[in-house]
Each structure stands twice: as structure tokens, then as C-alpha cells.
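What follows is each chain in one-letter form.
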Amino acid sequence: MKTGIVIFPGINRERDMAIALKNSSGQDPRMIWHKETDLSGLDLVVLPGGFSFGDYLRCGAMAARSPVMAAIHAHAARGGYILGVCNGFQILTEAGLLPGALLRNASLRFLSMDCHLRVERNDTVFTNRYQAGSTFRAVMAHGDGNYFAEPETLDRLEKDGLVAFRYAAPSGDISPEANLNGSARSIAGIYSPNRRVLGLMPHPEDLVDPMMGGADGKPLFDAIAAAS
Amino acid sequence: MKAIVTVMLKDGVLDPQGKAIGQALGTLGFTGVGDVRAGKVIVLELAETDPSQAKAAAEDMARKLLANTVIESFNVTVQPE
């Protein structure tokens, strides 16, 4: 899979993302400045974490109106793969590529800590190296990760199997205590209807090598690398 | 002409910031404060001189950028210079 990482001013996790992608695929991703408008030849476009445009107005609001976004909409429309992590997830919701919005964490605190994500299904290009219902450890580092959508939208996401990950205990149990940022129905990540666009708040790219303290996120990048 | 765009979280969307402000007011001894909601005000200087045109333009800007209508509502007022 040919991959590219979009860089907006204020993004700061693009190199970690590049390391994770290369670690699994052996290929260097293309780095894409936000003013570029040609994404031809790419199978997967990644929107990494950070603080694009200083989080001005709303997290991801400015980035979602950048010149590169028209090409990203076109990439999605032709069935291309997109992964948005943290600020990348916020940008995808602001751009209307995924439903809902990310509100301030319910505690009002910036959360920089480990969490566990329960894999809701493993028949997607992103999750086929995990067991459905299993959990893996990921790092959260965000102030605005509290997923919100109207009840009808949440019902539709659940009915159509578009919830990718939920905050859970290591055992897989869902509880208010494990739902660290207060997200609606413990949702940590969601898919587009064709399951080719994935947005999630925690950072799987932070744990892709035992040297980083764990490799819980590596199966996600291995799955991407193995996809044709 | 000035357009003043007020953006607030919609009713029903939890506003932890407003809640924290309300608690702090209680700590300071202010009583009788009910629900507190926090929002933002964006002031636009527009070249447009017709009030209704200016209002329509600002509302379009609010829908496309200034507010995220998934979670926020907005209100526009215009002021002649």
C-alpha cells in the first residue's frame, strides 16, 4: 500500500507516524504539505496528531478547510483509505468525512496517559491483525477527545457496525471509569460507511516496537502494510 | 459594517467549561447562579453596507467555518459603523 502523511502547520506527530508505517512496510511514506493538491498514486492518506493551526477556533477547524482537503475528499470518494489519529480524527469530523465532533474532555483536563481500546470488529483493512473483542494498549494525549454525536447518529453507527474502538478495561469491559474522556458510548474511533476511513483519538503509532515500551499498536500498521 | 457572530454549544451538548465557571462563581460566594454556558464572540468588519446582505454573508461564514453546527448554534447581529 502506498502511503502518505499530510502535514499541517502545528502538526507534531508526523515523524512517529512515518516510523510506524515504515516499521511495518519497509517503505517511506510520502510527506505531503497541506498546500499540495495532488494525492494521485496513494492508497492510504494519514492525518497525524498535533495541534494544527494552534487549535484556533476549534480543533481541526482550520486544517479541514486547507487546500489539500479537496484532494482528500476526492480520495475518499474514489474509495481510498484514510487514517486520522488524534488531531487527524478531529480534522476528519470537521471536514465532514466522519460524523460527530470531539468536545473538551469531560474532566476538562488534558489527558496524557495509557488507555485500552476494545476492537469492535476485525474484518477491516486496519484491524484484521487483532481479535474482535480483544483489547490493546494505546496512548492518549488530547484535551478534546470527548466524542459527541446526536443519539440517532450514534444508533446508526452502532447498527451499521461503524464503531471501530471503544475505551475499555484491559479485560474488555466497558465502564464509565474506563471511558477516560467521557466519550458518548465509550467511542474511541469510528469508520466511514465503507470502512475505509478510520478516525481515532489514541495513538497506536506510539507503541510499535518493544523499545518504545510495547508493540500493541503494531498489528494495525502490519495490517495496513499487508493490504494490497 | 460590523457583524457580531455569537457561537454557543447547543442545548443538550455538555459544556464542562460553563460548569467549571459556575462552580468557581459558587466558590467566590456568588449565590443564585443557575446554569452557566460559555461560548465565543467573533466580530467581523465587512465591506458590505446593506445590513441584510451583511447579515446573510456572516451567516454563511458561520455555517461554513465559524460554527460547527453538529455541536454549536450561532446568532448574527449587525452594527452600522
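Here, every reference points to the structure presented above.
These notes cover the structure that comes with them. (Residues numbered from 1 in each chain as written. Chains lettered and ligands numbered in written order. Predicted model: local features only at pLDDT ≥ 70, side-chain atom pairs only at ≥ 80, totals over all residues. Heavy atoms only, no water.)

## Quick word on the overall build of chain A
A tally of helices and strands in chain A yields 5 helices and 11 strands. The C-alpha extent of chain A, read off along each of the three principal axes, is 45 × 35 × 35 Å. Among the 228 residues that make up chain A, the fraction classed as buried is 57%. If you take every contact in chain A between residues at least 6 apart in sequence, the share linking residues at least 24 apart comes to 74%. Summed over its atoms, the accessible surface of chain A is roughly 8900 Å², and 51% of this surface lies on carbon and sulfur atoms. For chain A, the centre of its 22 positive side-chain charges and the centre of its 24 negative side-chain charges are spaced 4 Å apart. (Helix = DSSP H or I, 4+ residues; strand = E, 2+ residues; numbered from the N terminus. Buried < 20%, exposed > 50% of the residue type's maximum accessible area, 1.4 Å probe, protein only. Contact = heavy atoms within 4.5 Å. Areas by Shrake-Rupley, 256 points an atom, 1.4 Å probe, with all protein chains shown as cover. Lys, Arg positive; Asp, Glu negative; His and termini not counted. Charge placed at Lys NZ, Arg CZ, Asp CG, Glu CD.)

## Notes on the side chain of Ser66 of chain A
Residues and elements named next belong to chain A. With respect to the element layout, Ser66 can be found in the loop between strand E3 (44–47) and helix H2 (68–77). By relative accessible area, which is 7% here, Ser66 ends up buried. If we skip the residues at most four places from it in the chain, Ser66 touches Phe8, His34 and Phe53.

## Considerations on the interface of chain B and chain A
The partner chain A presents 14 residues to the 17 residues of chain B that form the contact. Carbon and sulfur atoms make up 65% of the surface buried where chain B meets chain A, a total of about 1200 Å² over both sides. Area buried by chain B at its contact with chain A is led by Pro16, Leu65 and Val70 of chain B, which between them contribute 36% of it. Counting the contacts that link chain B with chain A gives 1 salt bridge. (Buried area = accessible area lost by both parts, 1.4 Å probe. Salt bridge = Lys/Arg side-chain N within 4 Å of Asp/Glu carboxyl O.)

## Remarks on the sheet that holds strand E6 (residues 111–119) of chain A
All names here are of chain A. The 9 strands are arranged E2-E1-E3-E4-E11-E10-E9-E6-E7 in an open sheet whose pairing can be described as mixed. Only two strands of the sheet have a single partner each, and these edge strands are strand E2 (30–33) and strand E7 (135–142). Recorded for the sheet is a direction-independent mean angle of 25 degrees between the axes of neighbouring strands. For strand E10 (residues 187–191) and strand E11 (residues 197–200), the ladder comprises 3 bridges, and the chain directions are antiparallel. If you follow Ile190 over to E11, its bridge partner there is Gly199. The sheet strands contacting helix H5 (residues 218–226) are E3, strand E4 (81–85), strand E9 (163–168) and E11, and the helix crosses E4 at an angle near 160 degrees. (Pairing = 2+ DSSP bridges. Axes fitted to C-alpha atoms, helices over the stretch in contact; angles between N-to-C directions.)

## With respect to the packing of aromatic side chains
For any two aromatic rings, the description comes down to two numbers: the centre-to-centre distance and the angle of the planes. Residues and elements named next belong to chain A. Counting across every chain of the model gives 5 aromatic pairs over all chains. With centroids separated by 6.3 Å and ring planes inclined at 90 degrees, the aromatic side chains of Tyr81 and Phe126 adopt a geometry described as edge-to-face. Of this pair, Tyr81 sits in strand E4 while Phe126 sits in the loop between E6 and E7, placing them 45 residues apart in sequence. Taken together, the ring pairs in this structure connect Tyr130, Phe136 and Phe165 into an aromatic cluster. (Phe/Tyr/Trp six-rings, centres within 6.5 Å; stacked < 30°, edge-to-face > 60°.)

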